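The lines below spell out each chain.
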Amino acid sequence: MSDKKVKRRDFIFTTSYALGAVGVGAAVWPLIDQMNPDASVKALASTEVDVSSVEPGQSITVLWRGKPVFIKRRTQEEIDKARAVDIKNLKHPEKDEDRAKNPEWLVMLGVCTHLGCVPLGDKGEYGGWFCPCHGSHYDTSGRIRKGPAPTNMEIPKYEFVNTDIIKIG
Amino acid sequence: MSDHEYIPKSKLGKWFNDRLPILTLANHLTEYPTPKNLNYWWTFGGILTFCLITQIVTGLILAMHYVAHADLAFGSVEHIMRNVNYGWLIRYVHANGASMFFLAVYIHIFRSLYYGSYKSPREIIWILGMIIYILMMATAFMGYVLPWGQMSFWGATVITNLFSAIPLVGESIVTWLWGGYSVDNPTLTRFFSLHYLFPFLILGLVVLHIWALHVPGNNNPIGIDVKKPSNDTVSFHPYIVIKDLFALLIFLIVFAFFVFYSPNILGHADNYIEANPLVTPAHIVPEWYLLPFYAILRSVPDKLLGVIAMFAALFILVILPWLDTSKIRSAIFRPLYKQFYWFLVADVLILGYMGAMPAEGVYLLVARVATAYYFLHFLVILPILGAKEKTLEVPLSITEPVLGGSATTSMTRNNLDKNKI
C-alpha cells in the first residue's frame, strides 16, 4: 500500500468519510442535547426572598434552581472569626470580604462541593457548616477547612433589592 | 465443541430447521458436554438467569402502575403497595430481587476468582461478565432512585456528583445528566427510561456471555482442560439442568425469606420519606452491594482521586486475566493463592462494612488499609505469585484421581507441560 500514489479516488473517499462524519455528528447532536436543561428549567432563574424577619445568628434556607441557598445573618463574633483567618492557609483561598459584600449577610449555595449534600448549620470544627455525608468542615464564611470537598461553598449571583429583599439569580 | 450434525426426526422439524436452525441450537444446548465434577458453586449461572428474568417480569408489571414524575412517583409506589392487587408482593420481589441478584453475582464472581475461570481461554467470558456487572450496578442505582424517597434523591445526588470531579467538563456533564441544576423531575424521567432499557442490554450481554462460554466449555473445580465429550463430561440436560434447579430451589428459600419475613431489612427507613431537596439524611449510605466501592471512594481524602480509585477498583477486575500470570487455574493446586484469595474475600467484606459506617476515626483508618490491600492484591500479589508460587501437581483428567490413570489417553497434555509439572 505504501508505494501507491495518492489518487483522485482516495481524495473522494476521504472527503466523503469526513462529510459523513459531520452528517452523523449533526444528526446525533439533538439526541444528546435534549438531555441538557430545557427552557422551563432555565426559566426558573431568579428568586426573591424577604429577609426582614431573620435575626442575627439565624439562618434561612430557600430553594433556588432546585438547590438550597443558605441566607445567614451572621453575628459580629462570626464575622470577626471569618475575617481573622489568614487566607494563605486555606485550601481554596478566598477573602470573607469577597464572599460577603455586606458582612452581616452570607448568601451561598447550601451544597457541599464534594458530592452535593446539604451541610448542617452551626456544626463542625470551625463553627460554620458540617457535611454529614463525607465529613467536610466549613467555616463561618462557608470556606472549606477540612475534609474531602475541593472548594468553598459557591456564592450565587444575588443583590439587595432593598434592605429587606434579596434577589437571587 | 464437537457439534455433530443434528437432523430433526420429524419432517416438519427438518423443513423448519433447514430454514432457521433453531432446533440445532436447542440440541446443542441440551447435549452441551459439561465437566462432571462441577460443584454447587457452578449453579449460580442458572440462578442469575432466573434473577434477571424475575427482575424483567416484575419490573414490567411495576411500570404499568408506577408514575415517573417527581410529584407523583412517591405516591404511586405507595399506591402499588396498598391498592394494586398483589402490588406489595411484586414490588417486594423486585426490590429484594435486586439484592438477591447481587448476592448471586458476587458468589458467581468469587467462584470464578477461586477456580481461575477468568484465565485463558475464557478472558472474553470474564470481560463480558464484568460489563454485565457494571451495567447491573448502573441499573440498580437508577432503580433505587425511582421511588423518589430521601435515599433515592440523595443517593442520586451523590453518585451523579461523582462526575463533577472530572476536570474542566465535570460540571457540564453533571448538568447534562440531571437535565437541570439539581436532581429533579428531568433526572427522574430519564432514569426511568434507562432503568427500563438496561436490563435488555444485560440480557443481550448474557447471551454473548453464554455463547462465549460454549466455545471453550465450562471450567471446572480442578481447572484442567477437559476433552469434550468424554468420560469427563456429562450432557447439560438432564444432569446439569436438574442440579441447577435443585440449587435454585434452595436459593428461592432464601429469596422468599427476605420477601415474606423481612422485606425492608436490606433497605433504608429514610426512603419512606419523600424526597426533600433541602434536607440531607444524617447518614446516607448506598445499597449494601455497592458498599465496598463506596468505602474506597471515601477512604481517599481527595475528590478526584477518590473517584478515580473507585473506578480503578472496577477496571482492575476487567484486566484481571492479564494480572494473574499463573497458568494453573484452580486454587486447589495453588497453596499460596488459596490463602490470598481468602484474604481478598475478607478484605472486600471489611470494605463493605466500612462503607456502611461513618467515614471517621478508626473506621476511616481501617477502610484506608483495606483499600490499599485491595489494590495490592491485584497489582502486586497476583503477578508475583504467578512467577514465584510452587504449585501442586495437577491431575491429568477429572477421572484420574478416582480411577488412577487418565480415562482418556488422548487428553491434551500441552496445557500441563506449560506449567513445569
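Reading guide: rules and limits
- Residues numbered from 1 in each chain as written.
- Chains lettered and ligands numbered in written order.
- Predicted model: local features only at pLDDT ≥ 70, side-chain atom pairs only at ≥ 80, totals over all residues.
- Heavy atoms only, no water.
- Buried < 20%, exposed > 50% of the residue type's maximum accessible area, 1.4 Å probe, protein only.
- Helix = DSSP H or I, 4+ residues; strand = E, 2+ residues; numbered from the N terminus.
- Arc of directions from axis to C-beta.
- Domains from an automatic or database assignment.
- Salt bridge = Lys/Arg side-chain N within 4 Å of Asp/Glu carboxyl O.
- Pairing = 2+ DSSP bridges.
- Contact = heavy atoms within 4.5 Å.
- Buried area = accessible area lost by both parts, 1.4 Å probe.
- Polar contact = N/O pair within 3.5 Å; in protein donor to acceptor, adjacent residues only side chain to side chain.
- Nonpolar A, V, L, I, M, F, W, Y, C, P; charged D, E, K, R; others polar.
- Disulfide = S-S within 2.5 Å.
- Axes fitted to C-alpha atoms, helices over the stretch in contact; angles between N-to-C directions.
- Patch = residues over 30% accessible without salt bridge, like charges linked within 9 Å, V, L, I, M, F, W, Y side chains within 5 Å.
- Areas by Shrake-Rupley, 256 points an atom, 1.4 Å probe, with all protein chains shown as cover.
- Left-handed = near helix turned anticlockwise from the far one by under 90°.
- Parallel < 35°, antiparallel > 145°, perpendicular 65-115°, else oblique.
- Phe/Tyr/Trp six-rings, centres within 6.5 Å; stacked < 30°, edge-to-face > 60°.
- Lys NZ or Arg CZ within 6 Å of the ring centre and 35° of its normal.

1. Here we look at helix α4 (residues 73-82) of chain B
Next up, step 1: Along α4(B), the positions that sit buried rather than exposed are Ala73(B), Phe74(B), Ser76(B), Val77(B), Ile80(B) and Met81(B). Seen along its axis, α4(B) keeps its buried residues to an arc of 165 degrees; they face one direction.

2. Re the domain arrangement of chain B
Next up, step 1: Per the domain assignment, the segments of chain B are domain 1 (1-27) and domain 2 (32-265 + 272-284).
Next up, step 2: Distance between the C-alpha centres of domain 1 of chain B and domain 2 of chain B: 34 Å.

3. Brief notes about the pattern of salt bridges
Residues and elements named next belong to chain B.
Next up, step 1: The final tally for this structure, using the stated rule, is 15 salt bridges over all chains.
Next up, step 2: One salt bridge connects Asp-18 with Lys-14, and the closest N-O pair in it is separated by 3.3 Å. With Asp-18 and Lys-14 both in helix α1 (residues 11-19) and 4 residues apart, the pair spans about one turn of that helix.
Next up, step 3: In this structure, Glu-78 engages Arg-82 in a salt bridge whose closest nitrogen and oxygen atoms are separated by 3.0 Å. Taken as a pair, Glu-78 and Arg-82 lie in helix α4 at a separation of 4 residues, close to a single helical turn.

4. Structural notes on unusual backbone geometry
Next up, step 1: Along the chain, Ser120(B) connects to Pro121(B) via a cis peptide bond; the corresponding omega equals 5 degrees.
Next up, step 2: With respect to the helices and strands, the residue Pro121(B) is situated in the loop between α5 (87-115) and α6 (123-145).

5. What about the pairing of strand β2 (residues 59-64) of chain A?
All names here are of chain A.
Next up, step 1: When β2 meets strand β3 (residues 67-73), the two strands line up antiparallel, connected through 6 bridges. By the bridge assignment, Thr-61 is partnered in β3 with Phe-70.
Next up, step 2: Where β2 folds back on β3, the antiparallel hairpin that results is connected by 2 residues, among which Arg-65 adopts a positive phi of roughly 55 degrees.

6. Considerations on the interface of chain B and chain A
Next up, step 1: Each partner contributes residues to the interface: chain B has 26 residues there, and chain A has 27 residues.
Next up, step 2: A combined buried area of about 2,300 Å² lies between chain B and chain A, and 64% of that area is made up of carbon and sulfur atoms.
Next up, step 3: At the boundary of chain B with chain A, the tally comes to 9 residue pairs in polar contact (both at pLDDT 80 or more).
Next up, step 4: Sorting the residues of the side of chain B that touches chain A by element identifies α7 (150-161), α8 (170-178), α9 (185-214) and α11 (291-299) of chain B as the ones contributing at least two each.
Next up, step 5: Top contributing element to the side of chain B that touches chain A by residue count: α7(B), with 4 residues.
Next up, step 6: Split into classes, the residues belonging to the side of chain B that touches chain A amount to 15 nonpolar, 8 polar and 3 charged.

7. Observations concerning the sheet that holds strand β7 (residues 136-139) of chain A
All names here are of chain A.
Next up, step 1: Judged by pairing direction, the sheet is antiparallel, and its 4 strands sit side by side in the order β5-β6-β7-β8 without closing on themselves. Looking at strand neighbours, the two that pair on one side only are β5 (120-121) and β8 (144-146), the edges of this open sheet.
Next up, step 2: With 2 bridges connecting them, β7 and β8 associate as antiparallel partners. Looking at β8, one finds that His-137 is bridged to Lys-146.

8. Some thoughts on the state of the cysteines
All names here are of chain A.
Next up, step 1: Within the structure shown, the criterion is met by 1 disulfide over all chains.
Next up, step 2: Through a disulfide, Cys-117 is tied to Cys-133; the S-S separation comes to 2.1 Å. Taking the sign of the S-S torsion, about -100 degrees here, the bridge from Cys-117 to Cys-133 comes out left-handed. One end of the pair, Cys-117, is in the loop between β4 (105-109) and β5; the other, Cys-133, is in the loop between β6 (127-131) and β7, with 16 residues separating them in the sequence.

9. Section: the sheet that holds strand β9 (residues 158-160) of chain A
Residue and element names in this part refer to chain A.
Next up, step 1: Reading across the sheet, the 3 strands line up as β1-β10-β9 and stay open at both edges, with antiparallel pairing between neighbours. Whereas interior strands pair on both sides, the edge strands pair on one side only; in this sheet they are β1 (47-50) and β9. Neighbouring strand axes in the sheet, compared pairwise and without regard to direction, differ in orientation by 20 degrees on average.
Next up, step 2: Note: β9 against strand β10 (residues 165-168), 3 bridges, orientation antiparallel. Of the residues in β10, the one forming a bridge with Phe-160 is Ile-166.

10. A closer look at a nonpolar patch on the surface
All names here are of chain B.
Next up, step 1: Taken together, the side chains of Leu-12, Trp-15, Phe-16, Leu-20, Ile-22, Leu-23, Leu-25 and Leu-29 define a hydrophobic patch exposed on the protein surface, amounting to about 760 Å² of accessible area.
Next up, step 2: At the level of secondary structure, the elements contributing two or more residues to the nonpolar patch comprise α1 and α2 (22-31).
Next up, step 3: Per-element tally for the nonpolar patch: the top contributor is α2, with 4 residues.
Next up, step 4: Examined against the element boundaries, Phe-16 turns out to sit in helix α1.

11. Observations concerning the packing of helix α12 (residues 303-318) of chain B against helix α15 (residues 361-388) of chain B
Residue and element names in this part refer to chain B.
Next up, step 1: Here α12 crosses α15 at 35 degrees, and the two axes come no closer than 11 Å. As for the relative orientation of α12 and α15, their crossing is left-handed in sense. In this structure, α12 contributes Ala-309, Ala-312, Ala-313, Ile-316 and Leu-317 to the contact, and α15 contributes Tyr-374, Phe-375, Phe-378 and Leu-379.

12. What to know about the packing of α8(B) against α9(B)
Residue and element names in this part refer to chain B.
Next up, step 1: Taken N-terminus to C-terminus, the directions of α8 and α9 make an angle of 75 degrees; their axes are 7 Å apart at the nearest point. If you check the angle between α8 and α9, you find them roughly perpendicular. When α8 is examined against α9, the residues Trp-176, Leu-177 and Trp-178 are found in contact with a partner set consisting of Pro-186, Thr-187 and Arg-190.
Next up, step 2: Across the contact of α8 with α9, the residue classes tally to 4 nonpolar, 1 polar and 1 charged.

13. Describing the packing of aromatic side chains
Next up, step 1: If you walk through the whole model with that rule in mind, you get 34 aromatic pairs over all chains.
Next up, step 2: Plain terms: the ring middles of Phe257(B) and Phe258(B) are 5.9 Å apart, the flat faces sit at 75 degrees to each other, and that makes the pair edge-to-face.
Next up, step 3: Seen from their ring centres, Tyr337(B) and Tyr341(B) are 6.3 Å apart, and the 50 degrees between their planes marks the pair as tilted. Of the two residues, Tyr337(B) and Tyr341(B) both sit in helix α14 (residues 335-356), 4 residues apart, roughly one turn of that helix. You'll find Tyr337(B) and Tyr341(B) in the same group, each marked buried.
Next up, step 4: Grouped by ring-pair contacts, the aromatic residues Trp42(B), Phe110(B), Tyr114(B), Tyr115(B), Tyr337(B), Tyr341(B) and Trp342(B) constitute a single cluster.
Next up, step 5: Its end group placed over the ring of Tyr181(B), Arg65(A) keeps NZ or CZ at 3.9 Å from the ring centre.
Next up, step 6: It is Lys243(B) that lies over the ring of Tyr40(B); its NZ or CZ is 4.7 Å from the centre.

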